[in-house]
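Chains, contacts and geometry: an overview
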Amino acid sequence: MSPVPPPAPPSPSAVPDPGHPSDAVLSDYATQRVGSAVAVAVELHLERCPGCRHAVNAAAAPERIAHNWTAIEAELAVPRRGIVERSLVRLGLSVDTTRLLLATPSLRRSWWLAIAACLLFGLGAADPDRPEASIQLFLVLAPVIPVVGVALAYGPGVDPAHEITVAAPLSGLRVVLTRSVTVLAVSIVVTTIAALALGEAYAARAAAWLVPAVVLAVVCLAVMTALAPRVAGAVVAGSWVVANLAAAGVADDELVLFGGAAQVVTALLGVAAAAVVVARRRRFDLAEVGP
Amino acid sequence: MRGRSLVAASGPAAVAVRGVGRRFGAEVALDDVSLSAHGGVVALLGPNGAGKTTLLRCLATVGRPDVGTVHVDGFDATDTVQRIEVRRRLGYLPQQVGFAERATVFDVVDHVGILKELGPPRVRHVAVVRALRDAGLVSLAGRRVGTLSGGMRQRLGIAQALVGEPSLLLLDEPANGLDPEERLRLRDRLSEVGERATVVLSTHLTEEAAAFSQVLYVLVGGRIVHAGTPADLTATARGRVWIDSAPRRDVPGVLRSWRLPSGAYRCIGDPPSGVVLDEPTLEDAYLLLVGGCGPARGPQ
């Protein structure tokens, strides 16, 4: 005995049926020519009418169906976002900016180790019996952290996909600034936590690293328009340490570069460096560095 | 961020390279190189150090020629403003590329989609999935780069170049690390892409060049020594290949000879009288060119 074929789905008739949308409405729906109110009504009907679903499928352009499937596939293929990414988006950052900053090459184990080393040395040297003198190492090393981060954030030799980044139309300045702000923000948060660990005895000086940290990061960016990133980072960090040693020797004050007047001069240096970055911003669109 | 159509509206990019030269210190990487292409797949064939990568980098706007001009759809690839228009048309696979080991396959291609300004996430993600599908990587979208094999990483490099359906696709040694099945799939894909875009790829393998491209440019020492179809190149060796019972390396005019499984020797060069000529292959013709005793034939 041959199996009984399943009943054919009811097909919408050419004659309008009060229980179904007309062929014309279904065709307009399939080709996106109906308003939102009609679309909602048609969709509610389609949920319970296989015949009309069949008619809509037949009327829709194959490319549109293929595109819709790809869009569904795309939604399914997007990996689940990590907690950091979700938090940043919740804080108001756009998805694209969040993705750009999380791709910062500096955010790797070696930089975190460098941060830990700088802060441990700095904190280890602190002596509550002589807070002014013993905080010098912490204040000198703290601004080096963002410099290292910026130097490892962008450019040939530090980003394995640098040529792909440069060959894309998005401005190199935007990419390098996004990454630099990222490392600067991470540096400031981590160093602030470390500074709080120093305790009340150091309160007067514990924030003095902040202006040099921001300024040195900008200076590093300016130098990166002329030198390879690692070289630029080494030059800026080395100059900062030497300047501290020299100034302390001349002025007989270990913290002379963290005083009020010095902070103003440092800030002016930062403004000048920012001007250099803007003037030479097209250097960040090149795959090779050099004058 | 400025969005743009996911489908190249203007068709294949027109590439025009004129008299390009590039030096690295005393070393000449490119010497008076000219090339044009508008659609289809073009292969740059040559030994290591012939200048293929330097030429591709000039086309990709990441390297600058010392002399000469590079234009894509009329835009100057060396001009600081116009090169942005060139970059809007580009998909680029560099010779050496790496990706963050902890990033997923999807994230890598999505990140390049952001750099290519492919529009908001929902639109861009469709382009990403298309590129992953083209590279046979959709099922690996959630895998971390650090867990991929060499062939998978190469396919990831190809996927990021394909994202956004660029009208100019530049691929430096794209078949490196791919197994025969993957090479076949790449060949199919590039053939399809060549119908709507201009594809320029580099290789040092003759069989790869013949399989992938309709037009070959052979570079030796920074100069183009032949331009034409693979059949044109093969024809240049006609009458210069023979089978011999001995290597004949000491005979003047014999450029190369190598032993065959049969025990006989295949020789290329100027054949002595009385030998039996054989039908040339693309490899014979290429070796004759690279060996420096090819017919006097400049770029077309």
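Just so it is clear, the model here is predicted, and its values are computed rather than measured.

1. Description of the overall build of chain B
Of regular secondary structure, chain B possesses nine helices and 14 strands. Taken over the C-alpha trace, chain B has a radius of gyration of 21 Å; the compact-globule value for 300 residues is 19 Å, and the two agree within 12%. With the C-alpha coordinates of chain B rotated into their principal frame, the extents come out at 70 × 40 × 35 Å. The buried share among the 300 residues of chain B stands at 53%. Here the contacts in chain B between residues at least 6 apart in sequence split such that 67% fall between residues at least 24 apart. Accessible area for chain B stands at about 12300 Å²; split by element, carbon and sulfur atoms hold 51% of it. Each charge sign in chain B was given a centre, from 36 positive and 32 negative side chains, and these centres are 5 Å apart.

2. Comments concerning the environment of A:Leu93
All names here are of chain A. In this fold, leucine 93 is placed in the loop between α5 (83-90) and α6 (95-102). The exposure class of leucine 93 is partly exposed, given its relative accessible area of 33%. Each residue touching leucine 93, except ones within four places of it in the same chain, is listed here: Leu88, Thr98 and Leu101.

3. Notes on the interface of chain A and chain B
Counting residues at the interface gives 33 residues for chain A and 42 residues for chain B. Summed over both partners, the interface of chain A with chain B buries about 3200 Å², with 61% contributed by carbon and sulfur atoms. Among the residues of chain A in contact with chain B, A:Glu163, A:Ile164 and A:Pro169 are the three that bury the most area, contributing 20% of the side total. Scanning the region where chain A abuts chain B turns up six salt bridges. A:Glu163 is paired through a salt bridge with B:Arg57; the nearest N and O atoms lie 2.6 Å apart. At the junction of chain A and chain B, the tally comes to twelve residue pairs in polar contact (both at pLDDT 80 or more). Among the elements of the structure, α4 (62-77), α6, α11 (162-166) and α12 (172-198) of chain A are those that each provide at least two residues to the side of chain A that touches chain B. If you tally residues by element for the side of chain A that touches chain B, the top one is α4(A), at seven residues.

4. Overview of the environment of A:Ala279
Tracing the sequence through the fold places A:Ala279 in helix α15 (residues 260-279). Its relative accessible area of 63% is what places A:Ala279 among the exposed residues.

5. Describing the sheet that holds strand β13 (residues 265-269) of chain B
All names here are of chain B. Taken together, four strands build an open sheet; the order of strands is β12-β13-β11-β14 and the sheet is antiparallel. Among the strands making up the open sheet, the edge pair consists of β12 (254-259) and β14 (276-277). For strand β11 (residues 241-244) and β14, the ladder comprises two bridges, and the chain directions are antiparallel. Paired with tryptophan 242 across the two strands is leucine 277, which belongs to β14.

6. A closer look at the nonpolar core
Ranked by size, the top nonpolar core spans 84 residues in total, and within it A:Phe138 and B:Leu170 carry the most contacts. With near-sequence residues (within four places) excluded, B:Leu170 lies in contact with B:Leu56, B:Leu59, B:Ala60, B:Leu90, B:Gly91, B:Tyr92, B:Leu93 and B:Val200. B:Ala127, B:Ala135, B:Ala237 and B:Leu289 belong to the second largest nonpolar core, which has 59 residues in total.

7. Overview of the sheet that holds strand β6 (residues 90-93) of chain B
Residues and elements named next belong to chain B. Overall, mixed pairing links the six strands, which are arranged β6-β7-β8-β3-β9-β10 in an open sheet. Because the sheet does not close on itself, it has two edges, and the strands there are β6 and β10 (223-228). Within the sheet, the average angular offset between the axes of one strand and its neighbour, ignoring direction, is 15°.

8. Topic: the pattern of salt bridges
In total, this model carries 27 salt bridges over all chains according to the counting rule given. A:Glu85 is paired through a salt bridge with A:Arg81; the nearest N and O atoms lie 3.5 Å apart. A:Glu85 gets classed as buried once you look at its relative accessible area, which sits at 8%. In this structure, B:Arg22 and B:Asp66 form a salt bridge, with 3.6 Å as the shortest nitrogen-oxygen distance. With B:Arg22 in strand β1 (residues 14-24) and B:Asp66 in the loop between α1 (52-59) and β4 (67-72), this pair connects stretches of sequence that are 44 residues apart. Classification of B:Arg22 by relative accessible area gives buried; the value is 13%. Given a relative accessible area of 47%, B:Asp66 falls into the partly exposed group. Residues participating in the shared-partner salt-bridge network are A:Arg81, A:Glu85, A:Asp96, A:Arg99, B:Asp107, B:Asp110 and B:Arg124.

9. Describing the packing of α4(A) against helix α4 (residues 121-134) of chain B
Closest axis-to-axis distance for the α4(A)/α4(B) pair is 8 Å, and the angle between their directions is 95°. One finds that α4(A) runs roughly perpendicular with respect to α4(B). Listed contacts from α4(B) to A:His67, A:Thr70, A:Ala71, A:Glu73, A:Ala74, A:Glu75 and A:Ala77 of α4(A) are B:Arg122, B:His125, B:Val126, B:Val129, B:Arg130 and B:Arg133. Among the residues forming the contact of α4(A) with α4(B), the class breakdown is five nonpolar, three polar and five charged.

10. What about the pairing of β1(B)?
Residues and elements named next belong to chain B. The pairing of β1 with strand β2 (residues 27-38) spans eight bridges and is antiparallel. Note on β2: the bridge partner recorded for phenylalanine 24 is glutamate 27. A loop of two residues connects β1 with β2, the two strands running antiparallel in sequence, and glycine 25 in this loop sits at a positive phi of about 65°. Pairing geometry for β1 and β4, over five bridges, is antiparallel.

11. Here we look at the side chain of B:Thr203
Looking at where B:Thr203 falls in the secondary structure, it is placed in strand β8 (residues 198-203). For B:Thr203, the contacting residues outside a window of four places in its chain are B:Leu44, B:Leu45, B:Gly46, B:Lys52, B:Glu173, B:Glu208 and B:Ala209.

12. As for the domain arrangement of chain B
Size of an interface, as often reported, equals the accessible area lost when the parts are brought together. Residues and elements named next belong to chain B. Domain assignment breaks chain B into domain 1 (14-229) and domain 2 (236-290). Using C-alpha coordinates to define each centre, domain 1 is positioned 35 Å away from domain 2. Tallying the contact residues gives eleven residues for domain 1 and six residues for domain 2. Buried area between domain 1 and domain 2, summed over both chains or domains, comes out near 670 Å², and the portion from carbon and sulfur atoms is 82%. Among the residues domain 1 hides against domain 2, the three largest losses belong to Thr206, Val220 and His226. Together they make up 48% of the total. Here domain 1 is connected to domain 2 by zero salt bridges. Among the secondary structure elements, those contributing two or more residues to the side of domain 1 that touches domain 2 are α7 (206-212), β9 (215-220) and β10. Considering every element that reaches the side of domain 1 that touches domain 2, the biggest residue donor is β9, with three residues. Here the side of domain 1 that touches domain 2 is built from residues that sort into seven nonpolar, four polar and no charged.

Rules behind the numbers
- Residues numbered from 1 in each chain as written.
- Chains lettered and ligands numbered in written order.
- Predicted model: local features only at pLDDT ≥ 70, side-chain atom pairs only at ≥ 80, totals over all residues.
- Heavy atoms only, no water.
- Helix = DSSP H or I, 4+ residues; strand = E, 2+ residues; numbered from the N terminus.
- Rg over C-alpha atoms; globule rule 2.2 N^0.38 Å.
- Buried < 20%, exposed > 50% of the residue type's maximum accessible area, 1.4 Å probe, protein only.
- Contact = heavy atoms within 4.5 Å.
- Areas by Shrake-Rupley, 256 points an atom, 1.4 Å probe, with all protein chains shown as cover.
- Lys, Arg positive; Asp, Glu negative; His and termini not counted.
- Charge placed at Lys NZ, Arg CZ, Asp CG, Glu CD.
- Buried area = accessible area lost by both parts, 1.4 Å probe.
- Salt bridge = Lys/Arg side-chain N within 4 Å of Asp/Glu carboxyl O.
- Polar contact = N/O pair within 3.5 Å; in protein donor to acceptor, adjacent residues only side chain to side chain.
- Pairing = 2+ DSSP bridges.
- Core = buried A, V, L, I, M, F, W, Y, C linked by side-chain atoms within 4.5 Å.
- Axes fitted to C-alpha atoms, helices over the stretch in contact; angles between N-to-C directions.
- Parallel < 35°, antiparallel > 145°, perpendicular 65-115°, else oblique.
- Nonpolar A, V, L, I, M, F, W, Y, C, P; charged D, E, K, R; others polar.
- Domains from an automatic or database assignment.

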